[in-house]
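# Breakdown of the fold
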Amino acid sequence: MERIDKFSKRFDSTLLKATATIKESEVFIDDSVSCDFRAIVVPWYLMDRVVKKVRGTDISAACGSGFPFGFETTETKAYMIRESLRLGPEVRDIDITANISAMKSGDWDYFEREVSYLSGLLKDVTCKVIIEVSYLDTVEIEKACSILMKLPHVDFVKTGTGYGSRPTTLEDVRIIKRVVGDEKGIKVSGGVKSLSQVEDFIAAGADIFGSSNAVAIYREFTEKYPGRTDLA
Ligand SMILES: O=C[C@H](O)COP(=O)(O)O
């Protein structure tokens, strides 16, 4: 797991709502760069703009594969990964959405085969797998995580897309943490809106966050803890 020593580096700052415009994305990218977040995510067809803006920094231009339901064929998802990596070395993260239908069907062989293949394409890039916990029961979350534990190139279990049926809960994170321990990181995403939520999630085992509200949360942090670089 990567070392995090700065609060801003806990955030993948995301703008993925359906109505995101080019202008809004450009302002969003500039604001996110100024906060020095871990990564920036905008609609895929605009990711080249992120790549240009983060060049020369350690901010990652993070791309998705199969967002937001994971329904594409495995080869289509592999193509999305290869296309993303072709944007440049600034793409240091790929967030793969696992096939939610396969998980709900109990087709865990498909889930494992697909994620194993796709994560294998990402040996030098951080690989996160979104399991969209809002649609899973406890047993399904545990099953998905136990499979991800077997896959060496999976770095993070990611909880959601922001398009699920509910925000991630503390209990979701506790369930994941019980299975993955310190072997995999946990990225909480979907409904993360405030600093107090972030503090509670970290206490439950979360490491990093995907949020469309990262700029506001970062400002809340700097106001609440002036002079601090990270949570105690
Ligand atoms: O993948 C990250 C999501 O876009 C986060 O969505 P949200 O912060 O709007 O819930």
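Below or above, wherever it landed, is the structure these notes cover. (Residues numbered from 1 in each chain as written. Predicted model: local features only at pLDDT ≥ 70, side-chain atom pairs only at ≥ 80, totals over all residues. Heavy atoms only, no water.)

### Here's the deal with a nonpolar patch on the surface
Formally: Exposure above 30% relative accessible area and the absence of a salt bridge qualify a residue for a patch, where like charges join within 9 Å and nonpolar side chains (Val, Leu, Ile, Met, Phe, Trp, Tyr) within 5 Å. Each accessible area is a Shrake-Rupley result for a 1.4 Å probe, and residues are judged covered by the shown protein chains and nothing else. By definition, a salt bridge exists where a carboxyl oxygen of Asp or Glu is found within 4 Å of a side-chain nitrogen of Lys or Arg. Put simply, DSSP marks the helices as runs of H or I at least four residues long and the strands as runs of E at least two long, and each gets a number from the N terminus on.
Together, Phe69, Phe71, Tyr135 and Tyr163 give the surface a local cluster of nonpolar side chains, amounting to about 380 Å² of exposed area. Here Tyr135 lies in the loop between β6 (126-130) and α6 (138-148).

### A few points about helix α8 (residues 195-204)
How we decide: Partly exposed residues are those whose accessible area sits between 20% and 50% of the maximum for their type, while under 20% is buried and over 50% is exposed, using a 1.4 Å probe and protein chains only. Contacts are assigned to residue pairs with any non-hydrogen atoms lying within 4.5 Å of each other.
Listed as buried for α8 are Leu195, Val198, Phe201 and Ala204. Elements in contact with the buried residues of α8: β1 (11-14), α7 (170-180), β8 (185-189), β9 (208-211) and α9 (214-224).

### What about the pairing of β9?
We count it as follows: One requirement defines pairing of two strands: DSSP has to find at least two bridges between them. When the strands point away from the viewer and the connection leading from the first strand across the helix to the second strand turns clockwise, the crossover is called right-handed.
Where burial is concerned, the two faces of β9 agree: the one with Ile208 and Gly210 and the one with Phe209 and Ser211 are both buried. Of the strand pairs in this sheet, β8 and β9 are connected by three bridges, and their pairing is parallel. Of the residues in β9, the one forming a bridge with Lys187 is Ile208. In terms of handedness, the path from β8 via α8 over to β9 forms a crossover that is right-handed.

### With respect to the site of the ligand
Keep this limit in mind: By convention in these notes, a residue is near a molecule or strand provided one of its non-hydrogen atoms lies within 4 Å of it. Nitrogen and oxygen atoms within 3.5 Å of one another constitute a polar contact, given that in protein one can donate a hydrogen and the other can accept it, and given that sequence-neighbouring residues count only through two side-chain atoms. Each residue is assigned to one of three groups, with Ala, Val, Leu, Ile, Met, Phe, Trp, Tyr, Cys and Pro labelled nonpolar, Asp, Glu, Lys and Arg labelled charged, and all others, Gly among them, labelled polar.
Taken together, Thr14, Leu16, Lys158, Thr161, Gly162, Ser189, Gly190, Gly191, Lys193, Gly210, Ser211 and Ser212 make up the full set of residues adjacent to the ligand. Thr14 places a side-chain nitrogen or oxygen 3.2 Å from an oxygen atom of the ligand. Take Gly191: an N or O atom from its main chain is 2.7 Å from an oxygen atom of the ligand. Compared with its free state, where it exposes 300 Å², the ligand has 88% of that area covered by protein. Here the shell around the ligand is composed, by residue class, of one nonpolar, nine polar and two charged.

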